[in-house]
Amino acid sequence: MKLLIKNGRVIHPVTGTVLLQDILVEQERVSLMEHGLTAQADRIIDASGLTVAPGLVDMHVHLRDPGLTYKEDILTGCAAAARGGVTTMACMANTSPAVDCPEQVAYIYDRARQANGVQVYPIAALSKGLRGEEPTDAEALKRAGAVALSDDGSNVDNANLMRDALIRARQLELPILSHCEDTSMVSGRAVNEGSVSRQLWLEGRPAIAEEIMVMRDAMLAEETGGRVHICHVSTARSVDIIRKMKKKGVPISCETCPQYFTLTEDEVLSKGAMARVNPPLRTQKDVAGIIAGLRDGTIDVIATDHAPHSVEEKTRPLSRAPSGMIGLETSLAVTLTQLYHTGKMDLPDIIRHMSTNPADILHLSRGRMSLGAVADLVIFDPDEAWTVDPSLFASKARNTPFAGRTLKGRVKYTVVKGEVIYQDG
């Protein structure tokens, strides 16, 4: 099937340019890019007034499959991804059972083949059962198709286990994705330690709990040469630590999420459990530090940490509700609203953080706009305003603090391997 996309503003994230171009897709790949193409095609999309970019690569999602599919499953997660312009996802291992053996990796690939075409790559557990005690067989997991190792959802408290994992990861060229929060300082605590925790008379999750572990894992990466990727960075001081380590040549990368450059701990006062997330929403100073880290390249990736929960779970009191919020269907729009429309980042830089960089970290051949590249594309209107209505989501879950918020930027088409898998309206 041939697909012709005409008159779009095409983002080239590697070169940082935006060009008025037509794109011809043949046999799942980009075959021509130039203005004024008149080629024959089975389908023609007029992208006048729209922006065309490489499909988004979300390297941090929780699809809850196997075992927790009342929250989400691979099929509904892929449907939600398509609505958000995400064409590739890497899913975390904290399922039931955990993805800690080749058979569970194979299960995820088998289920994903039944979905809408969104590419799903498993991230396997770093420790057996995510217990932080005994390492998994990293070599077997990589052979099965795991693209990284992580106990995300839990900190790896055992420094020796993390050190050994980084040594193995270096040998296997497999990144380690680290959830950095010292367990002894955060266990059972719902919100950031600060003014909001004091108002609610709750023990808080202190910023230093994250920063200590960011420093530890950065030092272990420096010592072992293994590549560590810090998940969901939430504090300004974490950004400073990573910035300094990068300048020293340490093999470290990191991500943040839209909530950490948009919301503060005050959101908990109005949204309650909907705003409970790990690590917690922080202060305005931290929001500014996260944005500075995105602007100067210290933060490599914008991911969602898409974390679905049931309505019943998220209507529990704040101290008893699970942490997490969904983001696949809102991440691009929140990012455009908060960073592009405020002049803090340009479109190529945003797409580089949401597509090219995560693909590179996971060694995936995605996130490029070039001849011969796989035709995974998102076509969006950066200026269209819409109001978030979770009842219309493709996800099973509704747990977003952005409900009712007006955002600017809407996905119109999502294309995977040259096939349109989502069209707005």
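Residues numbered from 1 in each chain as written. Predicted model: local features only at pLDDT ≥ 70, side-chain atom pairs only at ≥ 80, totals over all residues. Heavy atoms only, no water.

Caption draft 1: Spatial organisation of the overall build of the protein chain. Along the backbone of the protein chain there are 13 helices and 18 strands. On C-alpha atoms alone, the protein chain measures out to a radius of gyration of 20 Å, which is about the 22 Å that the 2.2 N^0.38 rule sets for 425 residues. C-alpha extents for the protein chain along the principal axes are approximately 65 × 45 × 45 Å. In the protein chain, which comprises 425 residues, the proportion classed as buried is 61%. Looking at the protein chain alone, contacts between residues at least 24 apart form 75% of all its contacts between residues at least 6 apart. Summed over its atoms, the accessible surface of the protein chain is roughly 15,800 Å², and 48% of this surface lies on carbon and sulfur atoms. (Helix = DSSP H or I, 4+ residues; strand = E, 2+ residues; numbered from the N terminus. Rg over C-alpha atoms; globule rule 2.2 N^0.38 Å. Buried < 20%, exposed > 50% of the residue type's maximum accessible area, 1.4 Å probe, protein only. Contact = heavy atoms within 4.5 Å. Areas by Shrake-Rupley, 256 points an atom, 1.4 Å probe, with all protein chains shown as cover.)

Caption draft 2: Molecular detail of the packing of aromatic side chains. On inspection of all chains with the given rule, the structure shows 1 aromatic pair. Ring plane angle 90° and centroid distance 6.4 Å describe the contact between tyrosine 109 and tyrosine 121, whose orientation is recorded as edge-to-face. Taken together, the residues tyrosine 109 in helix α2 (residues 102-112) and tyrosine 121 in strand β8 (residues 119-122) connect sequence positions 12 residues apart. As far as the burial class goes, tyrosine 109 and tyrosine 121 line up, both buried. (Phe/Tyr/Trp six-rings, centres within 6.5 Å; stacked < 30°, edge-to-face > 60°.)

Caption draft 3: Quick peek at the packing of helix α8 (residues 236-247) against helix α10 (residues 284-295). Axis separation between α8 and α10 bottoms out at 7 Å; the angle between their running directions is 30°. Here α8 is positioned roughly parallel relative to α10, judged by the angle of their axes. Contacts between α8 and α10 involve Ala236, Val239 and Arg243 on the former and, on the latter, Lys285, Asp286, Gly289, Ile290, Ala292 and Gly293. Here the contact of α8 with α10 is built from residues that sort into 4 nonpolar, 2 polar and 3 charged. (Axes fitted to C-alpha atoms, helices over the stretch in contact; angles between N-to-C directions. Parallel < 35°, antiparallel > 145°, perpendicular 65-115°, else oblique. Nonpolar A, V, L, I, M, F, W, Y, C, P; charged D, E, K, R; others polar.)

Caption draft 4: Local environment of the environment of proline 279. Assignment of secondary structure puts proline 279 in the loop between α9 (267-271) and α10. Along the chain, proline 279 and glycine 153 lie 126 residues apart, while their C-alpha atoms are 9.6 Å from each other. Apart from residues no more than four positions distant in its own chain, proline 279 is found in contact with Glu181, Glu210, His232, Ser234 and Tyr260.

Caption draft 5: Structural detail: the nonpolar core. In terms of nonpolar packing, the biggest core is built from 92 residues, with Met89, Ile230 and Phe380 touching the most fellow members. The residues touching methionine 89, leaving out its near neighbours within four places in the chain, are Asp58, Val61, Leu63, Gly77, Cys78, Ala81, Val118, Gln119, Val120, Tyr121 and Leu328. Grouped together as the second largest cluster of nonpolar side chains are 21 residues, Val191, Val268, Val334 and Val388 included. (Core = buried A, V, L, I, M, F, W, Y, C linked by side-chain atoms within 4.5 Å.)

Caption draft 6: Up close: α10. For α10, with 12 residues, the first-to-last C-alpha span of 17 Å sits near the 16 Å given by 1.5 Å per residue. What α10 keeps buried is the set Asp286, Val287, Gly289, Ile290, Ile291, Gly293 and Leu294. If you follow the buried residues of α10, they end up packed against α8, β14 (252-256), β15 (301-302), α12 (331-340) and α13 (347-361). (Expected span 1.5 Å × (residues − 1).)

Caption draft 7: The arrangement of the sheet that holds β8 in detail. Read from one edge of the open sheet, 3 strands run β6-β7-β8, paired in parallel fashion. Every other strand in the sheet has two partners, leaving β6 (56-61) and β8 as the edge strands with one partner each. Put simply, the sheet's adjacent strands are angled 20° from each other on average, direction ignored. Here strand β7 (residues 86-91) runs beside β8; their pairing, made up of 4 bridges, is parallel. Residue pairing across strands places threonine 88 opposite glutamine 119, the latter belonging to β8. (Pairing = 2+ DSSP bridges.)

Caption draft 8: Here's a closer look at the packing of helix α4 (residues 159-172) against helix α7 (residues 207-224). Look at α4 against α7: their axes get within 10 Å of each other, and the N-to-C directions meet at 45°. The orientation of α4 relative to α7 falls into the category oblique. The two elements α4 and α7 meet at a crossing, and its hand is right-handed. Residues Ala159, Met162, Arg163, Leu166, Ile167 and Arg170 of α4 pack against Arg216, Asp217, Leu220, Ala221, Glu223 and Thr224 of α7. (Left-handed = near helix turned anticlockwise from the far one by under 90°.)

Caption draft 9: Summary view of the pattern of salt bridges. Taken as a whole, this structure holds 29 salt bridges when the rule is applied. Residues glutamate 267 and arginine 405 are paired through a salt bridge, measuring 3.9 Å at the closest nitrogen-oxygen approach. Separated by 138 residues along the polypeptide, glutamate 267 in helix α9 and arginine 405 in the loop between β16 (377-387) and β17 (406-416) bring together distant segments of the chain. Accessibility expressed as a relative area gives 30% for arginine 405, which makes it partly exposed. What you see here is one network of salt bridges that share partners, running through Glu384, Arg410, Lys412 and Asp424. (Salt bridge = Lys/Arg side-chain N within 4 Å of Asp/Glu carboxyl O.)

Caption draft 10: Structural view of empty space enclosed by the protein. Within this structure, the stated rule accounts for 4 cavities of 30 Å³ or more. Its volume calculated, the largest cavity comes out at about 60 Å³. In terms of lining residues, the largest cavity is bounded by Pro258, Gln259, Thr304, Met325, Ile326, Gly327, Thr330, Ser331, Val334 and Phe402. In the lining of the largest cavity, the residues fall into 5 nonpolar, 5 polar and no charged. (1 Å grid on protein atoms, 1.4 Å probe; cavity = no way out; pocket = protein on both sides within 12 Å on 5 of 7 lines; lining within 4 Å. Points joined across faces, edges and corners; volume = space filled by probe spheres on them.)

Caption draft 11: Examining unusual backbone geometry more closely. Each neighbour pair has its own omega, and for aspartate 65 with proline 66 the value is 20°, a cis peptide bond. Note on placement: proline 66 falls in the loop between β6 and α1 (74-83). The peptide bond linking asparagine 278 to proline 279 adopts the cis configuration, its omega dihedral lying at -10°. Despite not being glycine, glutamate 28 has its phi angle at roughly 75°, a positive value. With respect to the secondary-structure elements, glutamate 28 resides in the loop between β2 (17-26) and β3 (29-34). Not every positive phi belongs to a glycine, and histidine 232 is a case in point at roughly 30°. With respect to the element layout, histidine 232 can be found in the loop between β13 (228-230) and α8. Judged by its relative accessible area of 1%, histidine 232 falls in the buried class.

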